[in-house]
Amino acid sequence: METTRLIIVAVGGQGNLLASKVLGEAALIAGVPVRMSEIHGMAQRGGVVESAIVFGEAESSIISDGEADILLGFEPAETLRAIKRCGKNTQVITNTAPVPPFTVSVGMGTYPDVEEIKKLIKAKTAGLVAIDAMALAKEAGSPMSVNIVLLGALVQTGTLGFDRKVVEEAVKRRVKPAFLDVNLKAFDLGFTAAANA
Amino acid sequence: MHKLLQDSPGEKIMLLGNEAIARGAVEAGVAFATTYPGTPSSEISLNLFQMSRESDLYFEYSTNEKVALEVAAAAANSGLRTFCMMKHVGLNVAADPLMTLAYVGVTAGMVILSADDPAMFSSQNEQDNRYYAKFGGLPMLEPSSVAEAKEMIKAAFDLSESMKQPVLLRTTTRINHSNAFVTFGKISPRMTKGRFIRDPQRCVTVPAVSRGLHVKLLEKLKNAAQMSETSAFNFIQGDGPLGIIANGVSFHYAADAVKDLGLEGRAKILRMGFSNPMPEKLIKDFVAGCEKVLVVEEGEPFMEEAVKAFAQEQGITIPIKGKSEDLFSRLFEYDPAMVREKMAAFFNIAYTPKTAVDTSDVPEIPMRPPNLCSGCSHRATFYEIKQAAKEMDVICPTDIGCYTLGFLPPLSTGDFVICMGSSVSSACGFSKATDQKVVSFIGDSTFFHSGITGLVNAVFNNHNFTLVILENDITAMTGHQPHPGVDMELFGLSGHGRINIEKLVRALGVEHVSVIKPFKVKKSIDTIKEALAFKGVSVIISQEPCALYAKSLKKLTPRPFVVSNKCVDHRDCITTIACPSFYLDGNNRVAIDPDTCVGCAVCAQICPENAIRPLKK
């Protein structure tokens, strides 16, 4: 079985860990071996959260620089920061809605231009799907569903090899019933947006 | 029911490494568990704490790791299966009981877990605690994966019980914080009440007894070495003249590298899982069948030096390498590509690494450093101390917790940290060695952990400094665990005592004790000035609950503030306290995010124009 290596980067509070768990559940349903590693020490205090998910036969649970097959970024500047994880064959999916770091919010740093971010990533990798996941999450009914919007976009690219139904089933198993409808809608909006991107 | 208490053998479930370890302990019939929380071990104890509330498992958050290990030592000598877990530097605190408990041993299975943190994701050093096993004479097991960690802790309990010796289970962050599927096993029954049988010739370590115990310890280690020779945790994978010896997560990196480099049939890996004592014969036979041996281990050359010594005894002169300038480093953690590259170089295999994209034209991306939360009382206290000590040449020893972040600008309050409790004792030293004013900071949980003894020292030796105790009613950094000053009723638990820090400090003989409410800025600064002027030991207790924790308990209802049109853009708010709720709006004017502002009102009190007001709904 081919090994697929996925890196997810996000800012603390964006729901990256739930997204990873949904993908883990999807792997279980699909019968694909999976290992995930996460670094989340300071997440609650505004730091970056990174998950590495390895699908397939490889036994390592972390991913070296240049070796991610897919990079999924929940925040555009963080996607760009993680670009060293990519090679020229990497598929990148990113949210385009910035979550500015505090230094930028108070005028002590400059946030890179999002169009420039997109251009750089596109030039260096195999492909970029860039969607405003925050707008779609709000459309779905909750800004908290950004993570599931992005999962929809990820699945649409086909790079993961999972059927859409499998991941939707995993969402059903992992998301609290009260939030399920919003999240299934979020998944669909992300999937559709990626198809049209 | 807690998900880890479900008696559903065969169920496959995705677990965090730390959850798998907690589950393994439960499957092994653990009855008694103690800890002091510390990342990356914290979720093990958190899960055991939760399970103890639904079962007859005894669990306690002990005052520090030394206390935790001593409490556990008694339980394990009363016939109960006992588990004591901590982060790697915690074992330094517990090293005193550890070294002699190794002499005394146990009457029931006892596992001591050390969660090491290569690359220091959340620690002050990356010491390699495998040396504690060698140092103390304890058998040690090291898992390579999440699923193996669950099985290994069960084996560790059995091993401990058969040897009547505590067993060290050593993990690293990439085990603790990885997720993988784990299959539940059967939960063994717990024996929750034991009996201590007097045995002074084993348990009272006066010199005459200990001399005999050390002899016995060495005998036990001889037996352990025999077990290590045949342990299923030490195995050889693959075949061929190229040898690799690996432990922990490095084993998987090495196994992947063998496949990726096409070395199947040419290379074999000896995986060390039972790594103290090292299996001498197994290693000697392995090395004898190799042309070259590469040792892959994060941290120190623990295995490498042993392997080289064994080879020397056999007169084997093949190249055996691990740590060197051109191969592996003693620094930080390893990764699959690094192991693949070093392996290719050592075995002279042609290999072209995948190249990462060129980042030379990527613009500088603003950093996202961790920050004290919106409404964090530490920010207020640091600001007030700085104001009160404006004219002074100040040294600020600080300690380990969220408030260590106070060293970052613009608060810049934190000059010296080496370990838990060092803020108080190092203040003693600075106050004698210099003429500078010393103001040190310690959290409440850290004060109980190891600050009290430093304060006793300060009073006894008549030192001259101000200690600020940041009393936020919880162990915040590691995820809101209780400590001896916490009201356990808030956890829905009755029957716990509660230690009052102010009374304790006064009872220690500190002559100048004051209490501040840090959200009252002016009053706090006045009180701090008095304390700073006192010659001798003064203590300021800054009382305000952790905002995050108070919010989670619904004891804090955020009442956001807003910047009114009286603002003339001094920006004192941003430049002096840097609360993350501030941002510059479209017109480049200071604004406050109403979703994150909790309404501590500190900024409102320092604004020279009184421009920051409560938001009217």
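Residues numbered from 1 in each chain as written. Chains lettered and ligands numbered in written order. Predicted model: local features only at pLDDT ≥ 70, side-chain atom pairs only at ≥ 80, totals over all residues.

A. Focus on the sheet that holds strand 15 (residues 394-395) of chain B. All names here are of chain B. An order of 15-16-17-19-18 is seen for the five strands of this open sheet, with the pairing classed as parallel. With one partner strand each, in any of the chains shown, strand 15 and strand 18 (512-516) form the two edges of the open sheet. On the sheet, helix 15 (residues 377-388) packs against strand 16 (437-443), strand 17 (465-471) and strand 19 (537-543) and is oriented at approximately 160 degrees with respect to strand 17. On the sheet, helix 19 (residues 521-533) packs against strand 16, strand 17, strand 18 and strand 19 and is oriented at approximately 165 degrees with respect to strand 18. (Pairing = 2+ DSSP bridges. Helix = DSSP H or I, 4+ residues; strand = E, 2+ residues; numbered from the N terminus. Contact = placed C-beta atoms within 7 Å. Axes fitted to C-alpha atoms, helices over the stretch in contact; angles between N-to-C directions.)

B. Geometry of the interface of chain B and chain A. Opposite the 38 residues of chain B that make contact, chain A presents 47 residues. Tallied by class, the residues present in the side of chain B that touches chain A amount to 23 nonpolar, nine polar and six charged. With three bridges connecting them, strand 2 (residues 34-39) of chain A and strand 8 (residues 178-183) of chain B associate as antiparallel partners. Of the residues in strand 8 of chain B, the one forming a bridge with R35(A) is A180(B). (Nonpolar A, V, L, I, M, F, W, Y, C, P; charged D, E, K, R; others polar.)

C. Quick look at the packing of helix 1 (residues 16-30) of chain A against helix 6 (residues 146-156) of chain A. All names here are of chain A. Interhelical geometry of helix 1 versus helix 6 gives an angle of 40 degrees and a closest axis separation of 9 Å. Taken together, helix 1 and helix 6 sit at an angle that is classed as oblique. In this structure, helix 1 meets helix 6 at a crossing whose hand is right-handed. Side by side, helix 1 and helix 6 meet where N16, L18, A19 and V22 of the first sit next to N147, L150 and L151 of the second. Here the residues of the contact of helix 1 with helix 6 sort into five nonpolar, two polar and no charged. (Parallel < 35°, antiparallel > 145°, perpendicular 65-115°, else oblique. Left-handed = near helix turned anticlockwise from the far one by under 90°.)

D. Representation of the packing of helix 7 (residues 164-174) of chain A against helix 8 (residues 180-196) of chain A in the model. All names here are of chain A. In contact at an axis separation of 10 Å, helix 7 and helix 8 are set at 155 degrees when each is read in the N-to-C sense. In terms of orientation, helix 7 and helix 8 fall into the roughly antiparallel class. Our pair here, helix 7 against helix 8, has a crossing hand that is right-handed. Within the contact between the two elements, helix 7 uses R164, E168, V171 and K172 and helix 8 uses L180, N183, L184, F187 and F191. Tallied by class, residues from the contact of helix 7 with helix 8 come to five nonpolar, one polar and three charged.

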